[in-house]
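Residue-level structure breakdown
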Amino acid sequence: MVFATCINCIDGRLQSPVIDWIRSRYQAAHVDMITDPDGPRALSHAAHPAFEDLIAKIRHSLNCSHSRHIFIVGHAGFEESLSPRPITRT
């Protein structure tokens, strides 16, 4: 049974399409999802506060699930949705 590990943005809209894509193209039976709002950027900077936590989760997935593939997924536009905005109540 083939496992894969995916570091993905926390945005729920991406989870199912990413899992489906990995399963269909890499014949992965299961995908361990590691989500973080800043995951891809955190992995590119060892000084990022989330770096060590993400690495520990990747190691756990590799050791427990024996994942054959690791995917790092991000998307444009999510940071804008995290920007502070005034809340308008009517």
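Okay, so let's go over this structure.

Cut-offs and rules
Residues numbered from 1 in each chain as written. Predicted model: local features only at pLDDT ≥ 70, side-chain atom pairs only at ≥ 80, totals over all residues. Heavy atoms only, no water. Helix = DSSP H or I, 4+ residues; strand = E, 2+ residues; numbered from the N terminus. Buried < 20%, exposed > 50% of the residue type's maximum accessible area, 1.4 Å probe, protein only. Contact = heavy atoms within 4.5 Å. Pairing = 2+ DSSP bridges. Right-handed = clockwise from strand over helix to strand, strands pointing away. Axes fitted to C-alpha atoms, helices over the stretch in contact; angles between N-to-C directions.

Focus on the overall build of the chain
- What the chain contains, in helices and strands, is 4 helices and 3 strands.
- Beginning at the N terminus, the succession of helices and strands in the chain can be written as β-α-β-α-α-β-α.
- For the chain, the proportion of its 90 residues judged to be buried stands at 37%.
- Long-range pairs, those at least 24 residues apart, make up 70% of the contacts in the chain with a sequence separation of at least 6.

Some points on the pairing of strand 2 (residues 30-35)
- In this sheet, strand 2 lies alongside strand 1 (residues 3-8) in parallel orientation, the contact comprising 6 bridges. Within the sheet, the bridge partner assigned to Ala4 lies in strand 2 and is Val31.
- Traced from strand 1 through helix 1 (residues 15-26) to strand 2, the parallel crossover comes out right-handed.

Some details on the sheet that holds strand 2
- Strand order across the open sheet formed by 3 strands is 2-1-3, with parallel pairing between neighbours. A strand with exactly one partner marks an edge of an open sheet, and here the two such strands are strand 2 and strand 3 (69-72). Here the average twist between neighbouring strands, direction ignored, is 20°.
- Here 4 bridges tie strand 1 to strand 3, and the two strands are oriented parallel to one another. Considered in strand 3, the bridge of Ile7 is made with Ile72.
- Against the sheet, helix 1 touches strand 1, strand 2 and strand 3, its axis set at about 140° to strand 2.

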